Amino acid sequence: MIITKKKDINDIAASLEGKKTVYLLGCSSCAEQCATGGEKEVREMKGSLEERGFTVTGTACLPETCYRQYVLRQYRHCPETGSADAVLVLACGAGVSATAEAAGQTQPVLPALDSMFLATVERQGRFFEGCSLCSECVLASTGGICPHTECPKGLLNGPCGGVAHGLCEVDMEKECAWVRIYARLKAQGRLHLMKKIAPAKDHSSGTRPRKVLLRNPAGPVAIVGKG
Amino acid sequence: MSLKRELESGAFVITAEICPPRGTDTSQFLEKARLLKGRIAAANVTDNQRAVMRLSSLACSKLLLDEGIEPVFQVTCRDRNRLALQSDIMGAWALGIKNILALTGDHVSAGDHCSAKAVFDLDSVQLVQLINTLNKGTNMNNAPLRGSTGFLIGAVVAPEADPWEPEEIKFEKKIAAGASFFQTQALFDMEGFKRFFEYAERFNVKVLGGLLLLKSAKMAHYLNEKVAGVTVPQALIDELEAAPDQLEKGIEIAGRQLKELKKFCHGAHIMAIGNEESVLRIIDK
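Residues numbered from 1 in each chain as written. Chains lettered and ligands numbered in written order. Predicted model: local features only at pLDDT ≥ 70, side-chain atom pairs only at ≥ 80, totals over all residues. Heavy atoms only, no water.

Explain helix α6 (residues 165-177) of chain B residue by residue, including any values.
Its 13 residues place the ends of α6(B) 18 Å apart at the C-alpha level, agreeing with the 18 Å of an ideal helix rising 1.5 Å per residue. Among the residues of α6(B), B:Pro166, B:Glu167, B:Ile169, B:Lys170, B:Phe171, B:Lys173, B:Lys174, B:Ile175 and B:Ala177 are the ones counted as buried. Against α8 (177-187) and α9 (192-195) of chain A together with α5 (124-135), β5 (152-157), β6 (181-186) and α7 (190-200) of chain B lie the buried residues of α6(B). Just past α6(B), the residue B:Gly178 takes up positive phi, approximately 125 degrees. (Helix = DSSP H or I, 4+ residues; strand = E, 2+ residues; numbered from the N terminus. Expected span 1.5 Å × (residues − 1). Buried < 20%, exposed > 50% of the residue type's maximum accessible area, 1.4 Å probe, protein only. Contact = heavy atoms within 4.5 Å.)

Please give an account of the pattern of salt bridges that cites residues and values.
Scanning all chains against the criterion turns up 29 salt bridges over all chains. A salt bridge links A:Glu44 to A:Lys6; its shortest N-O distance comes to 3.8 Å. One end of the pair, A:Glu44, is in helix α3 (residues 39-51); the other, A:Lys6, is in strand β1 (residues 2-6), and 38 residues separate them in sequence. Given the relative accessible area of 38%, A:Glu44 is considered partly exposed. For A:Lys6, a relative accessible area of 47% puts it in the partly exposed group. The shortest N-O distance in the salt bridge between B:Glu248 and B:Lys285 comes to 3.9 Å. With B:Glu248 in helix α10 (residues 246-262) and B:Lys285 in the segment after α11 (277-284), the pair connects residues that are 37 residues apart, well separated along the chain. (Salt bridge = Lys/Arg side-chain N within 4 Å of Asp/Glu carboxyl O.)

Give a detailed account of the packing of aromatic side chains, specifying residues and quantitative values.
All names here are of chain B. All told, the structure shown has 14 aromatic pairs over all chains when counted by the stated rule. Measuring from centroid to centroid gives 5.9 Å for Phe193 and Phe196, while their planes differ by 25 degrees, and the two rings are stacked. With Phe193 and Phe196 both in helix α7, this residue pair falls 3 residues apart, about one helical turn. The same class applies to Phe193 as to Phe196, namely buried. Put simply, the rings of Trp164, Phe171, Phe182, Phe193, Phe196, Phe197, Tyr199, Phe203 and Phe264 pair up and form one aromatic cluster. Directly above the aromatic system of Trp93 lies the positively charged group of Lys98, at a separation of 4.7 Å from the ring centroid. (Phe/Tyr/Trp six-rings, centres within 6.5 Å; stacked < 30°, edge-to-face > 60°. Lys NZ or Arg CZ within 6 Å of the ring centre and 35° of its normal.)

Tell me about the interface of chain B and chain A, residues and numbers included.
The interface is formed by 28 residues belonging to chain B together with 29 residues belonging to chain A. Here chain B packs against chain A, burying approximately 2300 Å² in sum over the two surfaces, 57% of which is carbon and sulfur. Seen at the junction of chain B and chain A, the total is 1 salt bridge. For B:Glu165, the salt bridge goes to A:Lys186, with nearest N and O atoms at 2.8 Å. Taken together, the links from chain B to chain A amount to 17 residue pairs in polar contact (both at pLDDT 80 or more). Put simply, the parts of the chain that give the side of chain B that touches chain A at least two residues each are α5 and α6 of chain B. Among the elements that make up the side of chain B that touches chain A, the one with the highest residue count is α6(B) (8 residues). (Buried area = accessible area lost by both parts, 1.4 Å probe. Polar contact = N/O pair within 3.5 Å; in protein donor to acceptor, adjacent residues only side chain to side chain.)

Rendered as structure tokens:
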């Protein structure tokens, strides 16, 4: 799940400066679970913007705002979306960018949230970063604990000198990722994995922007029986 | 004599840490360095220590060299990617610097530029490996160099690390990667260090015990609370607190530890943090 946090309402109002009418788009997927962009938060945002003198011409929560087909359908079926001076999106950056693509060149699409990370959900409302989406997974040799993500320095060959009583120098409330990796590999009888020198990471597969195309674009329809 | 020959000679080797200035006026830096000239085997030049911005360790190492002082060029992984590391490390060799100390480096969040991007493209083991590769005449991608480096490669170990075994694994990886001398984190438990030293002696490496000058009881408390990986025992804090002149007492404690190290260790690395003039008094104690 993608974790988001709310931007300061004054910053949002500043980004809407000069606009009179605003359409609000929430997201019933991740942002709803983060309590940043579900029905309730969209309603609250409507109130806050109206207090500041904006006219909210409509609101909607899409099943997944990052999915361009849902956004296009919203624009097609609800003309208030496209006719507002601006659209404010209560979703992650992928939701904002999908909406901006659907909106075209002239309508400003603005973020109401800051996107933070891909989370492991401990339980409702407790989110932890466990994966950096680096394109080159090392979890097989690190006991399922990601050193790129859970070590603030992203070290690949063991703890730094900053570990004290098993805690991380950057966040003294957190156990050192490498101490955890060590303990787990040891318990699994696989400590030899940690004793091997891990080579420098290949960042080339993480060059941005990344894309995956499972399907080829639709080509011209073949006319059967001709030629 | 070069640090390499000093270490090989079997004599007890003393190095000291020296911190570059914040700014371009190097007069005080050089003044302190000149005090140490001839009294220590080499001066370690810190690389934006504790992630606080300073004049470059490469430039300051070269300035020491010009003064006839043997420098150890410290390089951390925090501020440079593999391209910058390779070119700076080769640059140091081209300028005549022969010793290098590879460290991970404190995280930017500990320093004075908290909003900076922390690089850590390589870690300290990979950095040692990289320097070794340059020594052998190729770059990280195995492309041959027109002129290799020939560094004496040093690294850091924390004998008081808790838990110890992950640190032990990393220590052995640094040796496998090509480190030939080690500087330790500040030591306070000499008995514990003796046990580490006996273990380390089975490897073909030299170990310099880290001595940190405790300038006051307040500093000792600060280290215990804020500085990761350093624990000052209560007995030493009590000793400092009872002393009429705490700095004097700190120098005495460090002098005592140095005498202790001379009994069994290859050498000592003195960290006086901004109080480099005390290094001579510690040595003379």
